[in-house]
Amino acid sequence: NPGTQDLPWLTIKKAAQTMSPGDMTYIRNGTYNEQLVTMRSGNSTDGYITFSAYPGKKPAIDGNGVSTGNNGIIVQHSYIKLIGLEVRNWRDNGIWTENSGYLEISDCEVHHVTYGIGFGDGTHDFVLNRVKMHHFDLYGFDASPSGGAACYNGTFNDCIAHTGRDRTQNVDGFALGHGTQRNFVFNRCKVYDVFDGFDISARNTTLNRCCARNC
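This is a predicted model, so every value here is computed, not measured.

Caption draft 1: Structural context of the layout of surface pockets. Within this model, the largest pocket holds a volume of roughly 340 Å³. Along its surface, the largest pocket is lined by 16 residues, and Gly3, Pro8, Thr25, Tyr26 and Ile27 are the ones closest to its centre. For the lining of the largest pocket, the secondary structure elements donating two or more residues are helix H1 (12-18) and strand S1 (24-27). With four residues, S1 is the largest single contributor of residues to the lining of the largest pocket.

And the structure:
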């Protein structure tokens, strides 16, 4: 199919393979049992590459039955947006980013995963808006070097992390790892029913009107 509204592509993978800087793919309602891996970057001139739920819809990227890949979404490029997606039932991360910059994740929900949303290997200049993370095993949101460069310049607006599935584990709601991590802002973020609410080891970090309870 040509990828129009009347003749849509069958898979999100096809969209990722086809899109160029400035393109947006709308994803209609449904359960997509496939892994999404970014294929190329957007740029500051032509714009972001955007994967968005169709207005009023909430498509699910579901790991049930997926034999290749343990992460729901892998972002390994820059100038990428993820909007309005549900990501669930993955053996590792719901969303994993590496060596990326200028990312936006808005109005997404990630749940029933081992790890929630991880930023690693020098990911920088990212913003999360109204992202919900719940029913995870080890962390909801995490930014750490992960063996590579430090992460920096991250903003979390109105994000929620709750319900660590195994309360005997050191489960973090929001975590910033060790090293030269720097320049993070949390605005109105909430966390509950985990082990550590905000586990922060990073320079120049600000929390504005945030709340942690039942930790």
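Caption draft 2: Expanded view of empty space enclosed by the protein. Within the structure shown, the criterion is met by one cavity of 30 Å³ or more. For the largest cavity, the calculated volume is near 30 Å³. Lining the largest cavity are Ala16, Met19, Thr38, Met39, Arg40, Ile49, Phe51 and Ile80. Its residues assigned to classes, the lining of the largest cavity comprises six nonpolar, one polar and one charged.

Caption draft 3: Spotlight on the pairing of strand S12 (residues 132-143). Note: strand S10 (residues 109-120) against S12, eight bridges, orientation parallel. Each residue of the ladder has a partner; that of glycine 118, found in S12, is aspartate 142. The pairing of S12 with strand S15 (residues 172-176) spans four bridges and is parallel. Bridged to aspartate 142 within S15 is alanine 175.

Caption draft 4: Geometry of the packing of aromatic side chains. Taken as a whole and assessed by the stated rule, the structure comprises 15 aromatic pairs. Between phenylalanine 174 and phenylalanine 186, the aromatic rings sit 5.7 Å apart at their centres with planes inclined by 85°, giving edge-to-face as the arrangement. On the criterion of sequence distance, the pair formed by phenylalanine 174 in strand S15 and phenylalanine 186 in strand S16 (residues 182-187) is long-range, its members being twelve residues apart. Grouping residues by exposure puts phenylalanine 174 and phenylalanine 186 together as buried. On the basis of an interplanar angle of 10° and a centroid distance of 5.0 Å, the ring pair of phenylalanine 174 and phenylalanine 198 is categorised as stacked. You can see phenylalanine 174 sitting in strand S15 and its partner phenylalanine 198 sitting in strand S18 (residues 196-200), a full 24 residues away along the chain. Counting every residue linked through ring pairs, the aromatic cluster contains Phe119, Phe126, Phe141, Phe156, Phe174, Phe184, Phe186 and Phe198. Cation over ring: arginine 28 sits above tyrosine 54, and NZ or CZ is 4.0 Å from the ring centre.

Caption draft 5: Quick peek at the environment of methionine 133. Among the secondary structure elements, methionine 133 is positioned in strand S12. Separated by 105 residues in sequence, methionine 133 and arginine 28 have C-alpha atoms that sit 22 Å apart. When residues no more than four places from it in sequence are discounted, the contact partners of methionine 133 are Val110, Val113, Gly116, Ile117, Gly140, Phe141, Ile160, Ala161 and His162.

About the criteria used
Residues numbered from 1 in each chain as written. Predicted model: local features only at pLDDT ≥ 70, side-chain atom pairs only at ≥ 80, totals over all residues. Heavy atoms only, no water. 1 Å grid on protein atoms, 1.4 Å probe; cavity = no way out; pocket = protein on both sides within 12 Å on 5 of 7 lines; lining within 4 Å. Points joined across faces, edges and corners; volume = space filled by probe spheres on them. Helix = DSSP H or I, 4+ residues; strand = E, 2+ residues; numbered from the N terminus. Nonpolar A, V, L, I, M, F, W, Y, C, P; charged D, E, K, R; others polar. Pairing = 2+ DSSP bridges. Phe/Tyr/Trp six-rings, centres within 6.5 Å; stacked < 30°, edge-to-face > 60°. Buried < 20%, exposed > 50% of the residue type's maximum accessible area, 1.4 Å probe, protein only. Lys NZ or Arg CZ within 6 Å of the ring centre and 35° of its normal. Contact = heavy atoms within 4.5 Å.

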